[in-house]
There are 2 protein chains.
Amino acid sequence: MTVRVLIVEDEPAVRRLLAYNLEAAGFEVAEARDGEEALRQIEELPPDLLILDWMLPGLSGIELCRRLRRRPATAALPVVMLTARVEERDRLRGLDTGADDYVTKPFSPAELVARVRAVLRRARPAMAGEVLTFADLRMDLASRRVFRGNREIPLSRTEFRLLRHLLENPHRVFERAQLLDRVWGLDADVELRTVDATIRRLRRALNAGGEPDLVRTVRGTGYALDLPEPAPEPLSAP
Amino acid sequence: MTVRVLIVEDEPAVRRLLAYNLEAAGFEVAEARDGEEALRQIEELPPDLLILDWMLPGLSGIELCRRLRRRPATAALPVVMLTARVEERDRLRGLDTGADDYVTKPFSPAELVARVRAVLRRARPAMAGEVLTFADLRMDLASRRVFRGNREIPLSRTEFRLLRHLLENPHRVFERAQLLDRVWGLDADVELRTVDATIRRLRRALNAGGEPDLVRTVRGTGYALDLPEPAPEPLSAP
DNA sequence: GCGTTCCGTGACAGGTTCGTGACAGTTACG
DNA sequence: CGTAACTGTCACGAACCTGTCACGGAACGC
């Protein structure tokens, strides 16, 4: 599976330089000109790493980073921040920006790629230890096991990835095409209805003990992970 | 909006230490001495997170946690379990207690607060996603749900899109042709009166509980989302 | 008042969507 | 090499959605 990197940078020259070198290093690259566009793209298809210019028109890089950290789905998303001068870099390090590394412009392509690789190496295992929870569902990413209550649920690879994606974004409705992109991958060539089949297998596995169904069907749209009966009042924000 | 944390702990010293540090970190804190009292408080005003001592007089922490998990209203309530020693913590992790994280006594305040924050990040529904509101109507775009007061309103795809458009432009009157273009789409080939039928279905769904009608009919023109007129004002003074 | 226009209402048929089970090609693994 | 598990498709049926229509009452202009 390829690693997706999203570059958020308003200067076209710098953007192209970054994209060229990262693609040459084997990454899949997406680009955004400002914070708004970045948010939209992350929404659509979350990358594995973000390269973020500190100075952006509109939403600044720091603000974007902080905002991402607040969302569970992107709280652990690795971020490499681009800064113009060394002093800035050191000052940003002091602030709590939430970035994983800082690169000073001008940078050498080799250094940039090296830092991206280092951040990915560091970030991956950190994510691996996590446990995703929803209702009486528990998914341990490290051991790749899923429990409902105290019963273990055997899941195939596809089912596991689908459930993981839903657990990372509970309550949120995904349409079939989104799920295909984000679970099966962009290069997968499968029918939309395949999602239904996998949802069905996932449901059968999850509810094998007669528990209530946690997968909500939204007719005409797609699926979401949700509590069945009582309308879940949207929890108050922190 | 503040985050409420309920501490369930029988030792006053530990309770006060926890309360002090959590309040310093900006949380709103409630306290309970045992499981019974905790249940009462959760009933009264559900907290956003529970800190739970493993050893409690009466109802044990584990039992309380399991019981909460069984009730839909509290099934997703984040729980941080306090244990006395490291061995206990590891043993509890093995059992399926349903807790989201474990902290070993003695703990550092910083670690405790960090773990609470982490659990909240994970447990929170993703996306402070857009929510459209009008009067007692609430539409959550991410989860694709609509509430009137605290009653959920089931809506079909078309009804949902129509209501969304009205909610995005409250008070504004749209003629049928406009609604067809903007809700059904430019390429849709349907009768103007179809709008009436959908408005009717939307009204029936929204007012199923006997609430006042929020959809205003503008004769000869179209429809708008509006508060109903409270009373016709007499023009002449008594 | 009176006729006309406009909208609410209920019913209905055709279409769409989704759950379900079955099946075959593929992969994993002993 | 053979078996079992996994995965993508498909066809079918039931439930649901939706556009349309006819009818009657309400609102409006005169």
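What you see is a predicted model; the values in this text were computed from it and never measured.

Cut-offs applied
Residues numbered from 1 in each chain as written. Chains lettered and ligands numbered in written order. Predicted model: local features only at pLDDT ≥ 70, side-chain atom pairs only at ≥ 80, totals over all residues. Heavy atoms only, no water. Near = heavy atom within 4 Å. Polar contact = N/O pair within 3.5 Å; in protein donor to acceptor, adjacent residues only side chain to side chain. Helix = DSSP H or I, 4+ residues; strand = E, 2+ residues; numbered from the N terminus. Nonpolar A, V, L, I, M, F, W, Y, C, P; charged D, E, K, R; others polar. Expected span 1.5 Å × (residues − 1). Core = buried A, V, L, I, M, F, W, Y, C linked by side-chain atoms within 4.5 Å. Buried < 20%, exposed > 50% of the residue type's maximum accessible area, 1.4 Å probe, protein only. Pairing = 2+ DSSP bridges. Phe/Tyr/Trp six-rings, centres within 6.5 Å; stacked < 30°, edge-to-face > 60°. Lys NZ or Arg CZ within 6 Å of the ring centre and 35° of its normal. Right-handed = clockwise from strand over helix to strand, strands pointing away.

1. Some remarks on the protein's contact with DNA strand D
Lining the immediate surroundings of DNA strand D are 21 residues, of which S156 and R201 of chain A together with S156, T158 and R201 of chain B lie closest. Between DNA strand D and the protein, one listed contact pairs a phosphate oxygen with a backbone N or O atom of E191 of chain B at 2.6 Å. Elements that contribute at least two residues to the surface near DNA strand D include exactly α6 (157-168) and α8 (193-206) of chain A together with α6 (157-168) and α8 (193-206) of chain B. Counted by class, the surface near DNA strand D contains six nonpolar, six polar and nine charged residues.

2. Describing the environment of G185 of chain A
With respect to the element layout, G185 of chain A can be found in the loop between α7 (176-184) and α8. C-alpha of G185 of chain A to C-alpha of T2 of chain A: the two residues are 183 residues apart in sequence and 9.5 Å apart in space.

3. Digging into helix α1 (residues 12-24) of chain A
Here α1 of chain A spans 18 Å end to end across 13 residues, near enough to the 18 Å set by a 1.5 Å rise per residue. Directly beyond the C-terminal end of α1 of chain A, a positive phi value near 95° is found at G26 of chain A.

4. Observations regarding the nonpolar core
Core analysis: the largest hydrophobic core is formed by 29 residues, its most contacted members being M139, V146, L155 and L163 of chain A. Sorting the residues of this core by element identifies β6 (131-134), β7 (137-140), α6, α7, α8 and β12 (222-225) of chain A as the ones contributing at least two each. The next biggest cluster of nonpolar side chains, apart from the first, holds 27 residues, and it includes L132, L167, L206 and V215 of chain B.

5. What about the sheet that holds strand β11 (residues 215-218) of chain B?
Residues and elements named next belong to chain B. As summarised here, the arrangement of the three strands in space is β10-β12-β11, forming an open sheet in which the pairing is antiparallel. Bordering the open sheet on either side are β10 (174-175) and β11, each of which pairs with just one other strand. Taken together, the four bridges between β11 and strand β12 (residues 222-225) define a ladder with antiparallel strand orientation. Of the residues in β12, the one forming a bridge with V218 is G222.

6. A word on the packing of aromatic side chains
This model, assessed by the stated rule, comprises zero aromatic pairs over all chains. Residue placement shows R144 of chain A over the ring face of F160 of chain A; its charged tip is 4.4 Å from the ring centre.

7. Comments concerning the pairing of strand β1 (residues 4-8) of chain B
Residue and element names in this part refer to chain B. The buried fraction of β1 is high, at five of five residues. Side chains R4, L6 and V8 project from β1 onto one buried face, and the interleaved V5 and I7 project onto a second face that is buried too. Pairing of β1 with strand β2 (residues 28-32) involves five bridges; the strand directions are parallel. If you follow I7 over to β2, its bridge partner there is E31. Considered for its hand, the β-α-β crossover made up of β1, helix α1 (residues 12-24) and β2 is right-handed. Looking at chain direction, β1 and strand β3 (residues 49-53) are connected through four bridges and run parallel.

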